[in-house]
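Structural overview for review
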Amino acid sequence: MRITSKCSIAIHCLLFIHEYGEHKKVTSGLLALSTGCNPVVIRNIISKLKQGGILTISPGAGGARLACPPREITLYRICILLEPESMDKLIGMHPSPSALCPVGRSIHSILNTSYERIRQDMVKSLQTVTLDDVIAEYNGLKKL
C-alpha cells in the first residue's frame, strides 16, 4: 500500500477534529488552514471519511465529529477509504520483460509470491495502528 499524502492529511484532520471538535465548529476552512491544503481537497477527504462511517457532518457549516471511537479507526481503514486501489500500487513491476528470456518469462509470477507476502504484512501493520495511537503520540509530544 502506497500511503499517499491524502492519508496523512486525513489523519491530521481526524486528530484535529478529535482535539478541537468538542470546543469549536470544525469546518473544511479551518482544517485547510491547519493542514495547509486547499479546502476542496479537505472536503473531498472529509466526504470519503463520512461515507466510510468515520465522521459525521452537521448540515450547513455545522462542523465535523468522529462517528466512532478512535480505537476503532485504523490507519488501514483510513487509507483504503481514500485510496481503494493502493494495495495494487505498493510495489511496481516492470511491464515488459522479454518473453524470449527464461528469467523474463517467469519473473512476474516469481515476484508476485514475494510481493503478495509484503502486501499482507503491510495490511497487518496498518491494521494494528489506530487513531487512538496517533492521539497518544500527539499528547506525548504536547507534554515535551
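For the structure itself, consult the block above.
Conventions adopted
Residues numbered from 1 in each chain as written. Predicted model: local features only at pLDDT ≥ 70, side-chain atom pairs only at ≥ 80, totals over all residues. Heavy atoms only, no water. Helix = DSSP H or I, 4+ residues; strand = E, 2+ residues; numbered from the N terminus. Rg over C-alpha atoms; globule rule 2.2 N^0.38 Å. Salt bridge = Lys/Arg side-chain N within 4 Å of Asp/Glu carboxyl O. Buried < 20%, exposed > 50% of the residue type's maximum accessible area, 1.4 Å probe, protein only. Core = buried A, V, L, I, M, F, W, Y, C linked by side-chain atoms within 4.5 Å. Contact = heavy atoms within 4.5 Å. Disulfide = S-S within 2.5 Å.

Per the secondary structure count, the protein chain includes 6 helices and 2 strands. Reading the protein chain from its N end, one meets helices and strands in the order α-α-α-β-β-α-α-α. Whereas a compact globule of 144 residues would reach a radius of gyration of roughly 15 Å, the protein chain reaches 19 Å, over 25% beyond that. Summarising its shape, the C-alpha atoms of the protein chain cover approximately 65 × 30 × 25 Å along the three principal directions.

In this section: the pattern of salt bridges. According to the stated counting rule, one finds 3 salt bridges in the structure shown. When the shortest N-O distance is used, the salt bridge between K6 and E83 registers 3.7 Å. Of this pair, K6 sits in helix α1 (residues 5-20) while E83 sits in the loop between α4 (75-82) and α5 (102-128), and the two are 77 residues apart along the sequence. Judged by its relative accessible area of 35%, K6 falls in the partly exposed class.

Formed by 30 residues in total, the largest nonpolar core has its most connected members in L14, L31, I42, L49 and I78. Of all elements in the fold, only α1, α2 (28-35), α3 (39-51), α4 and α6 (131-142) reach the threshold of two or more residues within this core. When residues of this core are assigned to their parent elements, the largest contribution, 9 residues, is made by α1. Excluding residues within four positions of it along the chain, L49 makes contact with A10, L14, I54, L55, I78 and L81.

Turning next to the side chain of T74. With respect to the element layout, T74 can be found in the loop between β2 (64-66) and α4. Here T74 falls in the buried class, since its relative accessible area comes to 16%. The residues touching T74, leaving out its near neighbours within four places in the chain, are L126, Q127, V129 and T130.

Structurally, the position occupied by S28 is in helix α2. On the basis of relative accessibility, which here comes to 18%, the residue S28 falls in the buried class. Discounting chain neighbours no more than four positions away, the residues touching S28 are P39, I42 and R43.

To continue, consider the state of the cysteines. One pass over the full model with this rule turns up 0 disulfides. With no disulfide of its own, C37 lies closest to C13 among cysteine sulfurs, the gap being 7.3 Å. Free of any disulfide, C68 has its nearest neighbouring cysteine sulfur in C79, separated by 15 Å. The exposure class of C68 is buried, given its relative accessible area of 12%.

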